[in-house]
Amino acid sequence: MTKFINTLYLGYIILWPLIYNFILPVDGAGRIYMLLTVVALMMNIPNVRFRKLFFNPVILLWFIWIIYSSLNFIRIGIKPQGGISFFTFFVIYLILPWMSMWITTYEARVRPRYILNTLLIYFSIYVFCGFIFQIGGGSANERGGAILGNMLPLISLCLLFLSCIAYNLKSIKVYSLISVIILTTATIFMVATRKAFLGEIIILLAFAISRVPRITLKSLSKLILVCLIAYFIFSVFLENSVLGERFTNIENDAERYNTTDSFLLSLLGDRAYFYITGWELFLPKPLFGIGLNNYMSVTHYPMPIHSEYMVQLTENGLIGFLIYVIFMISFSKKCFKSKVKPLKRLYVGWLLCIIFLSFTTWTYDMPQYFMLFGIITAYVANEHKYEMNQ
């Protein structure tokens, strides 16, 4: 029964945006989310092995971050965006990603192959249907995928990463992996999300390196050749796509939004605005910040901070930022701890992808990414027990 509840819980989290936007607009208030979270917790808590995982550094540190962020939010006293209650905000935006990580970690420890294949199915359905239902776009100002927005290409990276893991574990064939790469690329080009495209490049490079047993002159030559071919193919598509036009607009966006002399901020294009205003808000309240999710309320800007680093620093202050850094260091140690070289290279690739994406987007409320944190955490722990064949 627990296996069914956990599978249902993770599946609902991944597929609900698809169901709500294209099939049946139910649970707009997130009540089913909250109910399933409570049910999943109650079903798993009696399990000793599940409870012990609470003290895993990655899971425990993010729980500490949640407690701090919640108390800091309450202390500041600004109401959550969208008119939702604090309880709803607490469960959906904070507890849900953490529970996703905890449950995925448990399932990946107990049933590593099963949960990998299950998540692959869920993510495949989400990305494929999201792509089919949203085809469109044609210029720098006309992008496809308006309904699911940037979430579709960003989540497609989860599908790509898991497929690379599955291929290395011989759970899927090469034609399945190629299909996923094509689907991910098509999705990213349709929505024209620059950060997702570069994130895809990072994952594919990590995968290519993971397929090289030893770095020799011959293997290095093959790797360079593959990269050159991929570069040529992507260049052709970029020159004739919305995504390519958006890359060329980075310099123009930087001139508009970067009011400093910093060259590095210019590389971020329009996202430079969040670093400048975020820093200005941080300086008067460096210790506790302005409170999580309060940027729009304080500045009246129509978008939240598009940078995980500035979210942590501006909204959670130095204390929250420090907890976040310790969490990332703990997760990094998990990635580098792996003794299986091909998987280790993929884990590090995902880590670098997250580090890169966090410069231009926020991730603390993305349960899909926390599921992958859970997969990696569990798989590294499973290596010495030879449990990867279940």
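In this text, all values refer to a predicted model and were calculated from it rather than measured experimentally.

Caption draft 1: Region of interest: the packing of aromatic side chains. Applying the stated criterion to the full structure yields 37 aromatic pairs. Ring plane angle 80° and centroid distance 5.2 Å describe the contact between F370 and F373, whose orientation is recorded as edge-to-face. With F370 and F373 both in helix α18 (residues 367-382) and three residues apart, this pair spans about one turn of that helix. For F370, a relative accessible area of 3% puts it in the buried group. Through successive ring pairs, a cluster of aromatic residues spans W62, W65, Y309, Y324, F327, F331, F359, Y364, F370 and F373. It is K3 that lies over the ring of Y114; its NZ or CZ is 4.1 Å from the centre. Of note, R75 hangs over the ring of F288, and the distance from its end group to the ring centre comes to 4.6 Å.

Caption draft 2: Geometry of the pattern of salt bridges. All chains considered together, the criterion is met by three salt bridges. As a salt-bridge pair, R111 and E107 come within 2.9 Å of each other at their nearest N and O atoms. Using a relative accessible area of 0% as the deciding quantity, one classes E107 as buried. One salt bridge in this structure joins D270 and R194, with 3.6 Å as the shortest N-O distance. Pair noted here: D270 is in the loop between α13 (263-266) and α14 (272-282) and R194 is in helix α9 (residues 194-210), with a separation of 76 residues, a long-range link.

Caption draft 3: Spatial organisation of the nonpolar core. Core analysis: the largest hydrophobic core is formed by 125 residues, its most contacted members being W62, W98, L119, F123, F161 and W350. The element contributing the most residues to this core is helix α5 (residues 86-110), with 14 residues. Every residue in contact with W350, bar those within four places of it in the chain, is listed here: L157, C158, F161, I203, F331, Y369, L372, F373 and I376.

Caption draft 4: Region of the structure containing the packing of α14 against helix α16 (residues 308-337). Where α14 contacts α16, the axes come no closer than 9 Å and their chain directions differ by 10°. By the angle between their directions, the pair α14 and α16 is classed as roughly parallel. Along this stretch, α14 crosses α16, giving a crossing that reads as left-handed. Residues F274, Y275, G278, W279, L281 and F282 of α14 form the contact with α16, whose own contacting residues are Y309, M310, L313, T314 and L318. Within the contact of α14 with α16, the residues separate by chemical class into nine nonpolar, two polar and no charged.

Caption draft 5: Highlighting a nonpolar patch on the surface. Taken together, the side chains of M1, F4, L8 and M43 make up a nonpolar region of the molecular surface, amounting to roughly 420 Å² of accessible area. Mapped onto the elements, M43 comes out in helix α2 (residues 31-44). Classification of M43 as partly exposed rests on a relative accessible area of 30%.

Criteria and thresholds
Residues numbered from 1 in each chain as written. Predicted model: local features only at pLDDT ≥ 70, side-chain atom pairs only at ≥ 80, totals over all residues. Heavy atoms only, no water. Phe/Tyr/Trp six-rings, centres within 6.5 Å; stacked < 30°, edge-to-face > 60°. Helix = DSSP H or I, 4+ residues; strand = E, 2+ residues; numbered from the N terminus. Buried < 20%, exposed > 50% of the residue type's maximum accessible area, 1.4 Å probe, protein only. Lys NZ or Arg CZ within 6 Å of the ring centre and 35° of its normal. Salt bridge = Lys/Arg side-chain N within 4 Å of Asp/Glu carboxyl O. Core = buried A, V, L, I, M, F, W, Y, C linked by side-chain atoms within 4.5 Å. Contact = heavy atoms within 4.5 Å. Axes fitted to C-alpha atoms, helices over the stretch in contact; angles between N-to-C directions. Parallel < 35°, antiparallel > 145°, perpendicular 65-115°, else oblique. Left-handed = near helix turned anticlockwise from the far one by under 90°. Nonpolar A, V, L, I, M, F, W, Y, C, P; charged D, E, K, R; others polar. Patch = residues over 30% accessible without salt bridge, like charges linked within 9 Å, V, L, I, M, F, W, Y side chains within 5 Å. Areas by Shrake-Rupley, 256 points an atom, 1.4 Å probe, with all protein chains shown as cover.

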